[in-house]
Amino acid sequence: MLRYVLTRALSLGLSLMVASLVIFAMIEVIPGDPASFMLGLNAQPETVAALREDLGLNGSLPVRYLAWVGGMVTGDFGTSYTYRVPVTDLVLERLQVSLPLALYALILSTVIAIPVGMIAAARRGRPSDFAIMGVTQLGIAIPNFWFAMLLVVVFAIQLRWFSAGGFVGWDDGVAPGLKALTLPAIALALPQASILARVMRSSLLDVLHQDYIRTARAKGLSVAQATRRHALRNALIPVLTIIGLQFSFLLAGAIIIENVFFLPGLGRLIFQAITQRDLVVVESVVMLLVFAVILVTFLVDVTYALVDPRLRRRP
């Protein structure tokens, strides 16, 4: 198991190195000068040059890349061109919204999807199975931003159960903060729960047709007992992959939802940084999100090995 973990950790490090090169190269080729953008069209060339020197934009690309990577390794992500505060402070502030929102949506989608997928698999070919598959197909097809606006109209404007947007912060308590994140979490969770339920159904159906399930049934176990004792554990392996990918998506891909609900999260921070040509914020936040994706994948791989010991013996 230790060898397996070390091999996956080495792969994680190499992936991060390649990702940092790609992110830096792509951001640097974006047209536009941050200094000129900040000072406006009528700025004097001498002023622009002075600001470029102050921002560290005059160095060569290899020097700037090494300085950026070295800073991230030591926890220094640089200073925002626009806000003139450390990027670390911006990220930590926005993570207080994005991370709970992603976890909230992931919990909702998982709690809903796994039982629904199990019910659909147990009732394969019956009207309830067709109904569940139809609802999940609709959940995948509906754009989450349209569903978010529908939630605002119904639950915020008409019923007045929730606010239409904004975030009160955690200083007022956990309950008000979770209430402010409930509608965005539901909007994010709907398509993810639909995907996860279909994967759970397909995976469980594949496992239920294996020989060892037939053997368990022949020994007197009911379908529910065989599913609970033998099938469910193996059926969860592909489901874990989807859950890991969904968490990465929910953390990194909530830009539209955060803008619909005016949430000060990482997605909105990236959007604002791109429009303001705040390159150091874009580079650092995207790299952090890539790290989160790769780390989640690493944890999923390790979980695989714990669930299925056969994977540890693969070269």
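Worth saying up front: this structure is predicted, and the values here are computed from it rather than measured. (Residues numbered from 1 in each chain as written. Predicted model: local features only at pLDDT ≥ 70, side-chain atom pairs only at ≥ 80, totals over all residues. Heavy atoms only, no water.)

**Q** Residue-level account of the nonpolar core, with values.
**A** Ranked by internal contacts, the top residues of the largest apolar core, which has 71 residues, are Trp68, Leu188, Phe261, Leu263, Val281, Val285 and Met287. Elements with a contribution of two residues or more to this core: α1 (2–28), α4 (61–73), α5 (87–122), α7 (144–158), α8 (174–208), α10 (223–252), α12 (266–275) and α13 (279–307). The biggest single contributor to this core is α8, with 14 residues. Every residue in contact with Leu263, bar those within four places of it in the chain, is listed here: Val97, Leu101, Gly166, Phe167, Leu181, Pro184, Glu258 and Arg268. (Core = buried A, V, L, I, M, F, W, Y, C linked by side-chain atoms within 4.5 Å. Buried < 20%, exposed > 50% of the residue type's maximum accessible area, 1.4 Å probe, protein only. Helix = DSSP H or I, 4+ residues; strand = E, 2+ residues; numbered from the N terminus. Contact = heavy atoms within 4.5 Å.)

**Q** Explain the packing of aromatic side chains residue by residue, including any values.
**A** Under the definition given, this model contains 2 aromatic pairs. Between Phe155 and Trp161, the ring centres sit 5.8 Å apart and the planes meet at 45°, which makes this aromatic pair tilted. A residue is classified by how much of its surface remains accessible, and Phe155, at 25% relative accessible area, is partly exposed. Trp161 sits in the exposed class, given a relative accessible area of 51%. With a centroid separation of 5.3 Å and an interplanar angle of 70°, the aromatic rings of Phe167 and Trp170 are classed as edge-to-face. For Trp170, a relative accessible area of 27% puts it in the partly exposed group. (Phe/Tyr/Trp six-rings, centres within 6.5 Å; stacked < 30°, edge-to-face > 60°.)

**Q** Provide a residue-level description of α4, including the pertinent values.
**A** Along its 13 residues, α4 runs 18 Å from first to last C-alpha, staying within 8% of the 18 Å computed at 1.5 Å per residue. Buried within α4 are the following residues: Arg64, Tyr65, Trp68, Gly71 and Met72. End-on view of α4: buried residues confined to an arc of 135°, all on one side of the axis. For α4, the exposed residues lying more than 90 degrees away from the buried face are Pro62, Val63, Leu66, Ala67 and Val73. Among the residues trailing α4, Gly75 stands out with phi positive, at a value near 90°. (Expected span 1.5 Å × (residues − 1). Arc of directions from axis to C-beta.)

**Q** Any details on the side chain of Asn144? Residues and values, ideally.
**A** Tracing the sequence through the fold places Asn144 in helix α7. With sequence-adjacent residues up to four places away left out, Asn144 is seen in contact with Ala187, Leu188, Pro191 and Ile257.

Coordinates in, geometry out; function isn't part of it.
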